[in-house]
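Residue-level structural notes
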Amino acid sequence: MSETLRMLTLHNGGARPVQEVPTLDWQQFRSVILNSVASGAHVAAMFGHVPDGKDCVEIFAVLADRESGQIHVAKSTISENAYPSLTIDCPQVHLFEREIAEQYELLPEGHPWLKPVRFVKSHRSNHGTSKRPLIGVTDFYRVEGEEVHEVAVGPVHAGVIEPGHFRFQCHGEQVFHLEISLGYQHRGVESKLMGGPNKRTIHYMETLSGDATVGHTTAYCQSIEALAGCKVPARAQVLRGVALELERLANHTGDLGALSGDVGFLPTASYCGRLRGDFLNMTALLCGSRLGRALVRPGGIVYDLDESRAKELLNRLETTMRDVTNAVDLLWNSSSTMSRFEETGKLSLETCEQLGIVGPAARACGLECDVRNDFPAGIFRMSHIPVSTAVTGDVFARAYVRWLEIQRSADFVREQLQALVGGTIKTTLGELAGEKIVVSLVEGWRGQICHVAMTDPRGHIARYKVVDPSFYNWMGLALAMRNQQISDFPLCNKSFNLSYCGHDL
Amino acid sequence: MFGILLSRWRQGHRTISFPSGQPTLPDRFRGLPVIDQSKCPSGCRECAEVCPTDAISFDAKGLQLDLGRCIFCSDCVQACPEKAITFTPEFRLATRNREDLILNEHELRLADALDEKIRRLFGRSLKLRQVSAGGCAGCEVEVNVLSTVVFDLGRFGIQVVASPRHADGLLITGPVTQNMLLALQKTYDATPTPKIVIAVGACAISGGPYIDHPEAHNGADSVLPVDLYIPGCPPHPLTILDGLLRLLGRIEASAGHKSSK
Ligand code: SF4
């Protein structure tokens, strides 16, 4: 408790003056992070920022305390080119420290595995010898020994899927270690958000991770609306929630189909492939786009749901859910499928907490974490969706959690559509306040989406940090592969189904 | 086993009859934009100013809209004081040439088939390798969907294969990020000739929302020769399917459609 007193407390989607973020010296900063994490907080973000006109870097830490629903922020100023790494004591920050090293040329001394994250030039162009590293050219962890061999896959993969590089250290079929090297999808979004918002900003948000459009646009709007002090109409909040759950329904259903396909159980694979499309078409009924493009906008949403449309949506939800139930039941009743799902790609609760894993992958290990429940915003303040968990942390658990969530999301959508609140769907945003900070969390279908926005004195974006759920979770996939058969990689990979572009930005 | 058979019966036959039947699209679907220049107040540039990808420009002939840049966001529709721009449900949008995507007073010239010689090779069996080069997973989702029972791409002899060595061409999504440039080039080189390249989505055609980013190139044809352009953000699966079938001469190149009144 005393630790959190030293930090600024925020609520999800609530803005405060940037000046209120306390600047701690590194020892204090280190101890607030370590102590908060020890008492269960999640490192939602840690990022660098160069204050205007200064030659130092500030490191911000955003700690999300699920217990209290509060978000704590503190920062520390680094004027040297190095600082003592926290990773050994707090593995949750391992990738954040690597990211800061890459973007701001700050060396986390003692980091156990310091390598590029996205293979890009640093944000501090006028600083040091900022050369662009060659993508994928770096040291990889190697296991030496007789009969140990290395398998390298990617960046271009066999399926219709984004690029990434995977290196396995194997002994026969058995995987000792998997290292995942990304960055191929890097489009340079984060630096383009500076100075905004402008006419492209919302479209960047829609395509940060294009299958989580509603999740990311909602997170963005929540942050920008807080900065502008804009109150979003209740009806818009409801429809955002409906769209978010439709996104979850589509992707979870698609994932269950793909998991079945990966073990060769084709009935569920082909039914769910079609049913996922039916959910996408429901989103298109709402906004014309199957992926929820041009729907969520600052101040509300663009398309209303008239009565007949709401009825049509309800009807479609019923028939689709009936078929999904039928298709997924087949899966649980197929013993050959279950024997492939069970005990495969296990992640322990302990590892999951250490790494700060989020979303269905974390809930599958028994961790009760869900932004909709822990940091409710928008409609989720009024309507509660129970958190779905499992215990075994294997492929089966990740599949089963998805199935539980499908049912609960369908219940939520049904409930909302049956008693749709009236009123307008959009209000004007207004000017953004200057020198404010806001943290916005949304439970996307992959897990926690975290956006942090800071404005300069004129109300322009001075720093915008995006943390896609995949950023927290890729390491989870790597560890879940330990001591697995390499032939189970596609199955394990699918059970996480992480985003490459969401990570690479 | 009985359960599986029963559910097979319950789930029914789901493959659409396209291209013989007319597909149903949602009423809010944004297909081909139509511009009515007669409504434009003189000197008005509202649409061009809000367009996130600078798809709209003005020259002596008036307003031009580049479908290759357009992300179908409808920001221009909302900005226009006279409702001069509307989106129609027309989903057929693919062209063979980049210039054909620039809409002014001409009809959109839809893609015609490959040359007879190449069509003889690929017409009944086209194997494609998909490369995502900075795609956001949007276009990838809609390409993937073509392999579901709904569209059943296989019935046209088109298949997405696992290796460029087995492929007749590449289907590229994404603006071609700097970090994917080499891998894309290598994949292209590994594909046996003759080969074709298909650019799917605004990013792969022009860079889309990432136009002129230092970390990305402005689409596939900035690095490779492109044979088919399929616009959209992402394109509807039917737009992609229609484009592929036109390229193979499975849909007659007859009709173009009016993009402007
Ligand atoms: S719909 Fe197309 S032309 Fe209109 S503003 Fe959006 S990108 Fe530009």
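Just so it is clear, the structure is predicted and the values come from calculations on it, not from any experiment. (Residues numbered from 1 in each chain as written. Chains lettered and ligands numbered in written order. Predicted model: local features only at pLDDT ≥ 70, side-chain atom pairs only at ≥ 80, totals over all residues. Heavy atoms only, no water.)

Regarding the state of the cysteines
All names here are of chain A. Within the structure shown, the criterion is met by zero disulfides over all chains. C352 carries a free sulfur, and the closest cysteine sulfur to it, the one in C365, is 4.1 Å from it. In this structure C352 comes out as buried when scored by relative accessible area, which is 0%. (Disulfide = S-S within 2.5 Å. Buried < 20%, exposed > 50% of the residue type's maximum accessible area, 1.4 Å probe, protein only.)

As for the pairing of strand β9 (residues 169-173) of chain B
Residue and element names in this part refer to chain B. Counting buried positions along β9 gives five out of five residues, so the element sits mostly inside the fold. By the alternation rule, side chains of β9 split into G169, L171 and T173 and L170 and I172, which are all buried. Pairing of strand β7 (residues 126-132) with β9, which is carried by five bridges, proceeds in the parallel orientation. Each bridged residue has a counterpart across the sheet, and for S132 the counterpart in β9 is T173. Pairing analysis gives five bridges linking β9 to strand β10 (residues 196-200), with the strands arranged parallel. Considered in β10, the bridge of I172 is made with A199. In the classification by handedness, the crossover that spans β9, the intervening helix α6 (residues 181-190) and the parallel β10 is right-handed. (Helix = DSSP H or I, 4+ residues; strand = E, 2+ residues; numbered from the N terminus. Pairing = 2+ DSSP bridges. Right-handed = clockwise from strand over helix to strand, strands pointing away.)

Considerations on the sheet that holds strand β8 (residues 148-153) of chain A
Residue and element names in this part refer to chain A. The three strands lie next to each other as β8-β9-β10, forming an open sheet whose pairing is antiparallel. Looking at the sheet topology across the chains shown, the edges are occupied by β8 and β10 (174-181). Put simply, the sheet's adjacent strands are angled 20° from each other on average, direction ignored. As judged from the seven bridges shared by strand β9 (residues 165-171) and β10, these two strands associate in the antiparallel manner. What sits directly across from H165, in β10, is S181. (Axes fitted to C-alpha atoms, helices over the stretch in contact; angles between N-to-C directions.)

Quick notes on the packing of helix α3 (residues 94-104) of chain A against helix α15 (residues 469-480) of chain A
All names here are of chain A. Close contact between α3 and α15 brings their axes to 10 Å; oriented N to C, the two are set at 120°. Handedness of the crossing formed by α3 with α15: right-handed. The segment α3 lies against α15, with H94, L95, F96 and E99 engaging F471, Y472 and M475. Considering only residue class, the contact of α3 with α15 consists of five nonpolar, one polar and one charged. (Left-handed = near helix turned anticlockwise from the far one by under 90°. Contact = heavy atoms within 4.5 Å. Nonpolar A, V, L, I, M, F, W, Y, C, P; charged D, E, K, R; others polar.)

A short note on the sheet that holds strand β4 (residues 57-65) of chain A
Residue and element names in this part refer to chain A. Strand order in this open sheet of four strands is β1-β5-β4-β3, and the pairing throughout is antiparallel. If you trace the sheet from one side to the other, it starts and ends with β1 (8-10) and β3 (42-49), each paired once. Looking at each pair of strands side by side, their axes are set apart by 25° on average, direction ignored. Each of β3, β4 and β5 (70-78) touches helix α2 (residues 26-38); the most contacted strand, β4, lies at about 20° to it. In the packing of α3 onto the sheet, contacts are made with β3 and β4, and the angle to β3 comes to roughly 10°.

Thoughts on α3(A)
Residue and element names in this part refer to chain A. Taking burial as the measure, the eleven residues of α3 include eleven buried ones, the bulk of the element. Listing the buried residues of α3 in full gives H94, L95, F96, E97, R98, E99, I100, A101, E102, Q103 and Y104. One or two steps after α3, the chain reaches E105, where phi turns positive at roughly 55°.

Digging into the domain arrangement of chain B
Residues and elements named next belong to chain B. Domain annotation for chain B reports domain 1 (33-91 + 99-108) and domain 2 (116-255). Here the C-alpha centre of domain 2 lies 26 Å away from the C-alpha centre of domain 1. Between domain 1 and domain 2, the buried area comes to about 880 Å², and carbon and sulfur atoms account for 73% of it. Run the count over domain 1 and domain 2 and you get zero salt bridges. Classifying every residue of the side of domain 1 that touches domain 2 by side-chain character gives six nonpolar, two polar and one charged. (Domains from an automatic or database assignment. Buried area = accessible area lost by both parts, 1.4 Å probe. Salt bridge = Lys/Arg side-chain N within 4 Å of Asp/Glu carboxyl O.)

Observations concerning the packing of aromatic side chains
Going through the model one piece at a time under the given rule, you end up with 18 aromatic pairs over all chains. Consider the rings of W332(A) and F396(A), whose centres lie 5.7 Å apart with planes at 75°: the pair is edge-to-face. Placement of the pair is W332(A) in helix α9 (residues 307-332) and F396(A) in helix α14 (residues 395-418), with a sequence separation of 64 residues. Positioned above the aromatic ring of F140(A) is the side chain of K115(A), whose terminal nitrogen or guanidinium carbon lies 4.3 Å from the ring centre. Over the face of the ring belonging to F58(B) we find R45(B), whose NZ or CZ atom lies 3.9 Å from the ring centre. (Phe/Tyr/Trp six-rings, centres within 6.5 Å; stacked < 30°, edge-to-face > 60°. Lys NZ or Arg CZ within 6 Å of the ring centre and 35° of its normal.)

A closer look at the packing of helix α7 (residues 234-262) of chain A against α9(A)
Residues and elements named next belong to chain A. Where α7 contacts α9, the two axes come as close as 11 Å, and the packing angle between them is 25°. Between α7 and α9, the angle is such that the two are roughly parallel. Of the two elements, α7 crosses α9, and the hand of that crossing is left-handed. The segment α7 lies against α9, with L249, T253, L256 and S260 engaging L317, M321, V324, V328 and L331. Split by residue class, the contact of α7 with α9 holds seven nonpolar, two polar and no charged. (Parallel < 35°, antiparallel > 145°, perpendicular 65-115°, else oblique.)

Focus on the domain arrangement of chain A
When the parts of a complex come together, some accessible area is lost, and that lost area is often used as the size of the interface. Residue and element names in this part refer to chain A. With domains assigned, chain A is organised as domain 1 (3-109), domain 2 (148-181) and domain 3 (189-472). Centre-to-centre, using C-alpha coordinates, domain 1 lies 27 Å away from domain 3. Contacts between the two partners involve 35 residues from domain 1 and, on the opposite side, 35 residues from domain 3. Overall, the association of domain 1 and domain 3 removes approximately 2,700 Å² of surface from exposure, summing both partners, and the carbon and sulfur fraction of that is 65%. Contact with domain 3 buries area across many residues of domain 1, yet N12, F47 and R66 alone supply 25% of it, more than any other trio. Linking domain 1 with domain 3 are one salt bridge. Ionic pairing is found between E99 and K465, a salt bridge with its closest N-O pair at 2.8 Å. Taken together, domain 1 and domain 3 are joined by 16 residue pairs in polar contact (both at pLDDT 80 or more). Elements that contribute at least two residues to the side of domain 1 that touches domain 3 include exactly β1, β2 (15-17), β3, β4, β5 and α3. The biggest single contributor to the side of domain 1 that touches domain 3 is β3, with seven residues. For the side of domain 1 that touches domain 3, the class distribution of residues is 19 nonpolar, twelve polar and four charged. (Polar contact = N/O pair within 3.5 Å; in protein donor to acceptor, adjacent residues only side chain to side chain.)

Describing the pattern of salt bridges
In this structure the tally under the stated criterion is 41 salt bridges over all chains. Residues D323(A) and R322(A) are paired through a salt bridge, measuring 3.5 Å at the closest nitrogen-oxygen approach. Residue R322(A) is classed as exposed on the basis of its relative accessible area of 54%. A salt bridge links R98(B) to D66(B); the nearest nitrogen and oxygen atoms lie 2.8 Å apart.

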